[in-house]
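What follows is the residue order along each chain.
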Amino acid sequence: MENPNFYPDINNNNDDAPPSYPDNPIQFDGYQNLGFCAPEPGNNQPFLQEKNNVLPIFNDNQILTEEDAEDALVAFVGEHCCYGKGPVKNLEITDLKPSNTYRYILESFTETRSTKYVSEPYFQQIIVNTGAPPPHPWSIPVTPNQLFIDQKVLLEIPNTAQVEICKKCSGRGNRTCYSCSGRGRKSCIHCHGSGHKHNSNHHHRENCFFCSGTGFSNCHTCGHTGFILCKICSGSGRLKWYLQLTVEFKNNKDDFFSKTEFIPDELLRNCLTKNTFSDTNLRLFPITNHPNKYINEASSSLLGQHYTKFNQCKILSQRHEVDSIPINLVTYNYKNKILNYIIYGLESRVYAPDYPQKCCCNIL
Ligand SMILES: [Zn+2]
Ligand SMILES: [Zn+2]
Ligand SMILES: [Zn+2]
């Protein structure tokens, strides 16, 4: 039976969460507050002077004939096996209205920096610490591999390393096994520690087959030793602590559609478009001379939003573009009903939410 005088070490549970601070953190200049580091103020000022952005004159209406419009619908219905073919055969196109639709895209590529304490097992690796004060988080040179692509860089801040005894195991490198509380063996589950076969009578006691009559079985968690390796220090008993700098590069993208027809933005994001303008710079000035005034307004408003939204980041670069998307609204007559569908994108995709026979099950 279990020894009632054995008190398991209450610190030795199965909690392997590493501690987040050393016992005696060194107070470094400029690192009184860990976590998010705001960039120096004035980083994200927009350009004060208008950059002369010359745009080409647009006229990108895709001229479709009635035949083109019908072909597009036939192809669309063909892709949906349960759409009835009837309406395509019997429709009469009454109007075909092209429209200029534009997508304005703004991207701001930002950088944020933060610091925190991290630890790793200490196996006599070389500690570089000249004792000089560590550099300021924003003065450590880190550059992204590529602009407009999300990236994360982690690095050790120079002169912040120190070595401490591992608190979790008190420097032993191992901890009392949580499963057997350090005994190395556990009460046999088959005989409940009695050592006897369950139903044996009192005159002919038979030994428990599983524990050979001992009443105990070996603890598999610790391999019979009563100890398990400390996962925090990997058995080394010591930890190397240092301040870690996290640099995150993030591409923040927003867009706006100038559209006169009702069609979901998501469809327009995924069709082929024609790029008509693009510009990349440290800071962008809003487009002011696009023939569609909503594009000019969107450019100004999205740029303003980005300067506000990312004022706690450093904006490294900005890019914006205007894409032209051909859209044609087709009106047709089917069984004396006036219906519409939209042909969009350079590849002439069809959006037909009110197509009369969307499922063969409806044809009764
Ligand atoms: Zn054990
Ligand atoms: Zn047993
Ligand atoms: Zn440890």
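Look up a bit, the structure's there.
To start, this report covers the structure provided alongside it. Computed from a prediction, not measured in an experiment: that's the story for all the values here.

Rules of the game
- Residues numbered from 1 in each chain as written.
- Chains lettered and ligands numbered in written order.
- Predicted model: local features only at pLDDT ≥ 70, side-chain atom pairs only at ≥ 80, totals over all residues.
- Heavy atoms only, no water.
- Helix = DSSP H or I, 4+ residues; strand = E, 2+ residues; numbered from the N terminus.
- Buried < 20%, exposed > 50% of the residue type's maximum accessible area, 1.4 Å probe, protein only.
- Contact = heavy atoms within 4.5 Å.
- Areas by Shrake-Rupley, 256 points an atom, 1.4 Å probe, with all protein chains shown as cover.
- Donors = N, O, S within 2.8 Å, 3.2 Å for Na, K, Ca; no water.
- Tetrahedral: all angles 85-135°; square planar, octahedral: opposite > 155°, others 65-115°.

Quick word on the overall build of the chain
For step 1, the next point in the chain: Along its length, the chain carries four helices and 13 strands.
For step 2, the next point in the chain: In the chain, buried positions account for 40% of the 364 residues.
For step 3, the next point in the chain: Put simply, of all contacts in the chain between residues at least 6 apart along the chain, 82% involve residues at least 24 apart.
For step 4, the next point in the chain: With an accessible surface of roughly 20800 Å², the chain has 52% of that area assigned to carbon and sulfur atoms.

Digging into the coordination of the zinc ion (ligand 3)
For step 1, the next point in the chain: For the zinc ion (ligand 3), the full set of protein donor atoms is C166 (SG), C169 (SG), C230 (SG) and C233 (SG), and the range of their distances to it is 2.2 to 2.3 Å.
For step 2, the next point in the chain: Here the zinc ion (ligand 3) binds four donor atoms, and the angle range of 103 to 116 degrees at the metal identifies the geometry as tetrahedral.
For step 3, the next point in the chain: When the donor residues of the zinc ion (ligand 3) are listed from N- to C-terminus, their spacing reads C-x2-C-x60-C-x2-C. Of this pair, C169 sits in the loop between β4 (162–165) and β5 (174–176) while C230 is found in the loop between β8 (227–229) and β9 (238–258), placing the two residues 61 residues apart along the sequence. Here the two residues C169 and C230 agree in accessibility, since each one is buried.

Points about the coordination of the zinc ion (ligand 1)
For step 1, the next point in the chain: The coordination sphere of the zinc ion (ligand 1) contains the protein donors C177 (SG), C180 (SG), C219 (SG) and C222 (SG), at a distance range of 2.2 to 2.3 Å.
For step 2, the next point in the chain: Given four donor atoms and angles of 103 to 115 degrees at the metal, the environment of the zinc ion (ligand 1) is assigned as tetrahedral.
For step 3, the next point in the chain: In the primary sequence, the donor residues of the zinc ion (ligand 1) line up as C-x2-C-x38-C-x2-C. There is no split in this pair, since C219 and C222 are both buried.

As far as function goes, none of this settles anything; it's purely spatial.
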